[in-house]
Amino acid sequence: VAALESLVQSVTPLPGTEVDLLADPEESLAAMPDHAAAALYRIAQEALGNAVKHSRATGILLSLQRVPGAVVMACTDDGIGFDLPERKAARAKEADPTRQHFGLSSIEQRCALLGADLRIEAIPGRGTRVIVELPLPPNP
């Protein structure tokens, strides 16, 4: 949680964009293995970076919650959104490898390595939400 607080404070959004963190207490996340916490931090970094760089949002919220059997991290913005199938198709057709964007694919790969579920909800004109659900053992 402290690392995510620091990350949110270090982000340099466009003027008029507010970036916030909503997180459960650290004690509720104690069962998370260190490697999983580090991977979630990297995913948060990438998701926040994408939101700041591409969304043109006025608000970006990073959240981290413990739910029964899992921890859920989400990065939500109220920006311009995008068409996910169209974006994936364009990425697959990109002929110039120097122009490829690796943000979403990096998040997908990290989630696959963790065994986490990834959902990307993007609606043109209405924002984007990146949701990662990482299974964890039940709270003691």
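Predicted, not measured: the structure shown is a model, and the values here were computed from it.

Chemist: So what's going on with unusual backbone geometry? Residues and values would help.
Modeler: With the exception of glycine, the majority of residues adopt a negative phi angle, and the majority of peptide bonds are in the trans configuration. Of note, the phi angle at Arg-56 is positive, near 55°, even though the residue is not glycine. Within the secondary structure layout, Arg-56 lies in the loop between helix H2 (34–54) and strand S2 (59–67).

Chemist: Hey, could you go over the pairing of strand S1 (residues 18–23) for me, with residue numbers and the actual values?
Modeler: Here S1 pairs with S2 via six bridges, running parallel. Note on S2: the bridge partner recorded for Asp-20 is Leu-61. With H2 bridging S1 and the parallel S2, this β-α-β connection has left-handed handedness.

Chemist: Let's hear about the pattern of salt bridges: which residues, and what values?
Modeler: Applying the stated criterion across every chain yields a total of two salt bridges. The salt bridge partner of Arg-119 is Glu-121, with a shortest N-O separation of 3.9 Å. Take Glu-121: its relative accessible area is 37%, and that puts it in the partly exposed class. A salt bridge links Glu-121 to Arg-129, with the shortest nitrogen-to-oxygen separation between them at 3.7 Å. Taking relative accessible area as the criterion, Arg-129 reaches 34% and is therefore assigned partly exposed. Taken together, the salt bridges that share partners define one network made up of Arg-119, Glu-121 and Arg-129.

Chemist: Explain the side chain of Arg-66 to me, using residue names and the numbers behind them.
Modeler: Considering the arrangement of structural elements, one finds Arg-66 in strand S2. Of the side chains with opposite charge, Asp-24 comes closest to the buried, unpaired Arg-66, at an N-O distance of 7.5 Å. Side-chain polar atoms of Arg-66 contact the backbone oxygen of Ala-70, separated by 3.4 Å.

Conventions used here
- Residues numbered from 1 in each chain as written.
- Predicted model: local features only at pLDDT ≥ 70, side-chain atom pairs only at ≥ 80, totals over all residues.
- Heavy atoms only, no water.
- Helix = DSSP H or I, 4+ residues; strand = E, 2+ residues; numbered from the N terminus.
- Pairing = 2+ DSSP bridges.
- Right-handed = clockwise from strand over helix to strand, strands pointing away.
- Salt bridge = Lys/Arg side-chain N within 4 Å of Asp/Glu carboxyl O.
- Buried < 20%, exposed > 50% of the residue type's maximum accessible area, 1.4 Å probe, protein only.
- Lys, Arg positive; Asp, Glu negative; His and termini not counted.
- Polar contact = N/O pair within 3.5 Å; in protein donor to acceptor, adjacent residues only side chain to side chain.

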